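Close look at the chain arrangement
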Amino acid sequence: MGRHTFEKVLTFPEWSYGDKPVIVLSSSLQALPTSAPQTASLSKEAPRALIERLVSEGLHRFYVDGGTTIQRFLDAGQIDELTITVIPVVLGTGIPLFGPVEKDVALELMSSQSFPCGFIQSRYRVLESWIGR
């Protein structure tokens with residue numbers, strides 16, 4: 001996840017990731033805060049290099065979070081599936097879901113689910129022509 005997302009998650013009352021390893025991608029942080037859980041680590045690696053390293057360590061499925069971080073992984077062709085949750089609030093201002101990406105990314109809807117609270121969650125497959133570019 002990106003640094004901004006990580007800093008936001010640290011403000012939550014409870015660490016949501018349990019014992020799963022969390023890699024914080026940042027070019028500006030020199031170290032994680034002391035409040036960070038032991039399962040968190042810091043990396044400055046580019047998306048493709050990070051994925052290659054993690055695969056060499058035996059990992060094969062990754063969750064990428066944070067707008068700029070997702071954008072960088074999309075640009076590197078390292079995302080094959082997106083889950084987007086729509087929350088029924090119209091924002092006057094806010095952070096865009098995605099910033100600019102090099103090219104349009106073609107998606108195919110895999111599933112969509114609505115929840116009693118009003119959330120709608122959709123899963124999309126990134127079409128093969130975009131993966132690993």
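A brief report on the enclosed structure follows. The shown structure was predicted, so the numbers you read here are calculated from the model rather than taken from an experiment. (Residues numbered from 1 in each chain as written. Predicted model: local features only at pLDDT ≥ 70, side-chain atom pairs only at ≥ 80, totals over all residues. Heavy atoms only, no water.)

1. Considering helix α1 (residues 3-10)
Restricting attention to buried positions, one finds in α1 the residues T5, F6 and V9. With its buried residues spanning 100° around the axis, α1 presents them on a single face. Away from the buried face of α1 by more than 90 degrees, exposed residues H4 and K8 are located. Where α1 is buried, its residues touch β1 (22-25) and β2 (40-43). (Buried < 20%, exposed > 50% of the residue type's maximum accessible area, 1.4 Å probe, protein only. Helix = DSSP H or I, 4+ residues; strand = E, 2+ residues; numbered from the N terminus. Arc of directions from axis to C-beta. Contact = heavy atoms within 4.5 Å.)

2. Observations regarding the side chain of S26
Its location among the elements puts S26 in the loop between β1 and β2. At a separation of 3.1 Å, a polar atom in the side chain of S26 contacts the main-chain amide nitrogen of S28. Non-local contacts of S26, meaning those with residues more than four positions away in its chain, are made with R3, L42, S43 and K44. (Polar contact = N/O pair within 3.5 Å; in protein donor to acceptor, adjacent residues only side chain to side chain.)

3. Quick word on the pattern of salt bridges
Summed over all chains, the structure comprises 6 salt bridges. Where E7 meets R3, a salt bridge forms, and the shortest distance between an N and an O atom there is 3.3 Å. Residue E7 and its partner R3 are located together in helix α1, separated by 4 residues, close to a single helical turn. Judged by its relative accessible area of 35%, E7 falls in the partly exposed class. Among the salt bridges present, the one from R125 reaches E108, with a minimum N-O distance of 2.9 Å. (Salt bridge = Lys/Arg side-chain N within 4 Å of Asp/Glu carboxyl O.)

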